[in-house]
Amino acid sequence: MDPAMVLPLFGECCWLCQFYSTWLLPGAVLQKKELPGNRGLCFPLVKACVFGNEPKASDEPPLTSRTESAETTPTWQALKLLFCATGLQVSYLTWGVLQERVMTQSYGTTATTPGERFTDSQFLVLMNRVLALMVAGLYCVLCKQPRHGAPMYRYSFASLSNVLSSWCQYEALKFVSFPTQVLAKASKVIPVMLMGKLVSRRSYEHWEYLTAGLISVGVSMFLLSSGPEPRSSPATTLSGLILLAGYIAFDSFTSNWQDALFAYKMSSVQMMFGVNLFSCLFTVGSLLEQGALLEGTRFMGRHSEFAAHALLLSVCSACGQIFIFYTIGQFGAAAFTIIMTLRQAFAILLSCLLYDHTVTVVGGLGVAVVFAALLLRVYARGKKRAKKAVPTESPVQKV
């Protein structure tokens, strides 16, 4: 559809459009055609939301993309990947500890009253999204960003699939056994790679599928042998398997769709802003429908300690999101999923080291399989780089 057919319907507009076009899209050149009624600021707003902005030759070159990063040295790439993995591990391990503390601690406890607990995790999700949106928006205002070319509505697909994957995950826990949960979470790498072929037409080598399968098997062996079995584990039902399949499908789509959006040459902070904008809208709508938004706000007003804990939790979540979008933008959805899969095993291994828990023989064998798969992945990728670096000899012409 041609923007010229729709945008003339919007004339002079409001201060919100002026704020959006001036501050939230820095570096964007507003393209206005000589059409009747398109002089208002709603013109660039609707154009950016529905059609996006076309790149111009006069724009500054975008930030380094994943395709360009392949030209750097393998050592620098390995250091960046290690930086991303460490940032993700630290951010979400800290986030998990803080979330458990917030959801299990009683607030307002005195000598006469037992206090009360906060049980609405969706309100915490909203706080995390709002702070991440504010951080990303402030960064976009203060620091120059690449020209924003993606239509805004495309971010809603990743936000909606993320909401649906979370819902399927929590609902599936009621209908599947603990081993089934572990196997599903540990084997997400291959579904993410298959979804990448559908969403972004990405192709993978045979050794990439092999190493992904070995990592899934190794992590499953370690988690099933060393992970704590919950006291009450429900039996696996057909509805639970359907919900689990929905969780894997939606989660695989989320990371691959975000990966595909980087084709618009945006920065990871712009991606963070767009996804969290729609996530906030979806979460607010859900809380309003349940009537839980006001209750969560009142609980925060009654307990200042909870407000401080929730703020700290949101800071960890925002830091984790920065690493998520940077990792996907630099290395792709498959590498990000491998890092997050290893996070579960790393958390249990850290617990075993800190609290002197024993690691079984099967668990140790699973760790060995994971490290062998990672080494095989590094070796195959280095061999592939070496083949690309060797110049092809041109045939000698005989005179």
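Residues numbered from 1 in each chain as written. Predicted model: local features only at pLDDT ≥ 70, side-chain atom pairs only at ≥ 80, totals over all residues. Heavy atoms only, no water.

**Student:** Outline the nonpolar core, listing residues and values.
**Tutor:** In terms of nonpolar packing, the biggest core is built from 30 residues, with Leu-88, Tyr-155, Met-266, Met-271 and Ile-324 touching the most fellow members. For this core, the elements supplying multiple residues, two or more each, are helix H5 (74-104), helix H6 (121-142), helix H7 (154-172), helix H11 (238-261), helix H12 (268-290), helix H14 (304-331) and helix H15 (333-354). The element that contributes the greatest number of residues to this core is H12, accounting for seven residues. When neighbours within four sequence positions are excluded, Leu-88 is seen to be in contact with Gly-320, Phe-323, Ile-324, Thr-327, Phe-336, Ile-339, Met-340 and Arg-343. (Core = buried A, V, L, I, M, F, W, Y, C linked by side-chain atoms within 4.5 Å. Buried < 20%, exposed > 50% of the residue type's maximum accessible area, 1.4 Å probe, protein only. Helix = DSSP H or I, 4+ residues; strand = E, 2+ residues; numbered from the N terminus. Contact = heavy atoms within 4.5 Å.)

**Student:** Please provide a residue-by-residue account of the UniProt feature "transmembrane region" (unreviewed entry) in the protein, values included.
**Tutor:** Within this numbering scheme, the UniProt entry marks residues 271-294, 306-326 and 361-380 as carrying the feature "transmembrane region" (unreviewed entry). In residues 306-326, helix accounts for 100% and strand for 0%; the two terminal C-alpha atoms are 30 Å from one another. (UniProt positions renumbered as here; feature names shortened; annotations may be inferred.)

**Student:** Quick one: what's the story with the pattern of salt bridges, residue by residue and with numbers?
**Tutor:** Under the defined criterion, the tally for this structure stands at five salt bridges. Between Glu-295 and Arg-298 there is a salt bridge, with its nearest N and O atoms 4.0 Å apart. Of the two residues, Glu-295 and Arg-298 both sit in helix H13 (residues 293-302), three residues apart, roughly one turn of that helix. As a salt-bridge pair, Arg-302 and Glu-295 come within 3.7 Å of each other at their nearest N and O atoms. The class for Arg-302 is partly exposed, based on a relative accessible area of 44%. Several salt bridges share partner residues, and in doing so they unite Glu-116, Glu-295, Arg-298 and Arg-302 into one network. (Salt bridge = Lys/Arg side-chain N within 4 Å of Asp/Glu carboxyl O.)

**Student:** Quick rundown of the packing of aromatic side chains? Include the residues and the values.
**Tutor:** If you walk through the whole model with that rule in mind, you get 12 aromatic pairs. Residues Tyr-107 and Phe-299 carry aromatic rings whose centres are separated by 6.1 Å and whose planes lie at 90° to one another, so their mutual orientation is edge-to-face. Taken together, the residues span a long stretch of sequence, with Tyr-107 in strand S1 (residues 106-107) and Phe-299 in helix H13 at a distance of 192 residues. Just as Tyr-107 is buried, Phe-299 falls in that class too. For the pair Phe-118 and Phe-306, a centre-to-centre distance of 4.5 Å together with 40° between the ring planes defines the contact as tilted. You can see Phe-118 sitting in the loop between strand S2 (116-117) and H6 and its partner Phe-306 sitting in helix H14, a full 188 residues away along the chain. Residue Phe-306 is classed as buried on the basis of its relative accessible area of 0%. By way of ring pairs, the aromatic residues Tyr-107, Phe-118, Phe-123, Phe-299 and Phe-306 are connected into one cluster. (Phe/Tyr/Trp six-rings, centres within 6.5 Å; stacked < 30°, edge-to-face > 60°.)

**Student:** Give me the lowdown on a nonpolar patch on the surface, citing residues and values where you can.
**Tutor:** A cluster of nonpolar residues, Leu-160, Val-163, Leu-164 and Phe-282, forms a patch on the protein surface that exposes about 280 Å² of accessible area. Looking at the nonpolar patch, the element that brings in the most residues is H7, giving three residues. Within the element layout of this structure, Leu-164 appears in helix H7. (Patch = residues over 30% accessible without salt bridge, like charges linked within 9 Å, V, L, I, M, F, W, Y side chains within 5 Å. Areas by Shrake-Rupley, 256 points an atom, 1.4 Å probe, with all protein chains shown as cover.)

**Student:** So what's going on with the environment of Leu-293? Which residues, and what values?
**Tutor:** Looking at where Leu-293 falls in the secondary structure, it is placed in helix H13. For Leu-293 and Leu-126, which are 167 residues apart along the polypeptide, the C-alpha to C-alpha distance reads 9.4 Å. Dropping the residues within four chain positions of it, Leu-293 is found in contact with Phe-123, Leu-126, Leu-287 and Leu-288.

**Student:** Provide a residue-level description of the side chain of Ser-159, including the pertinent values.
**Tutor:** Secondary-structure assignment places Ser-159 in helix H7. Owing to a relative accessible area of 0%, Ser-159 belongs among the buried residues under this scheme. Apart from the residues within four sequence positions on either side, Ser-159 is in contact with Val-275, Phe-278, Ser-279 and Phe-282.

**Student:** Any details on the packing of H6 against H13? Residues and values, ideally.
**Tutor:** Interhelical geometry of H6 versus H13 gives an angle of 80° and a closest axis separation of 10 Å. By the angle between their axes, H6 is roughly perpendicular relative to H13. The residues of H13 that touch H6, namely those facing Phe-123, Leu-126 and Met-127, are Leu-293, Gly-296, Thr-297 and Met-300. By residue class, the composition of the contact of H6 with H13 is five nonpolar, two polar and no charged. (Axes fitted to C-alpha atoms, helices over the stretch in contact; angles between N-to-C directions. Parallel < 35°, antiparallel > 145°, perpendicular 65-115°, else oblique. Nonpolar A, V, L, I, M, F, W, Y, C, P; charged D, E, K, R; others polar.)

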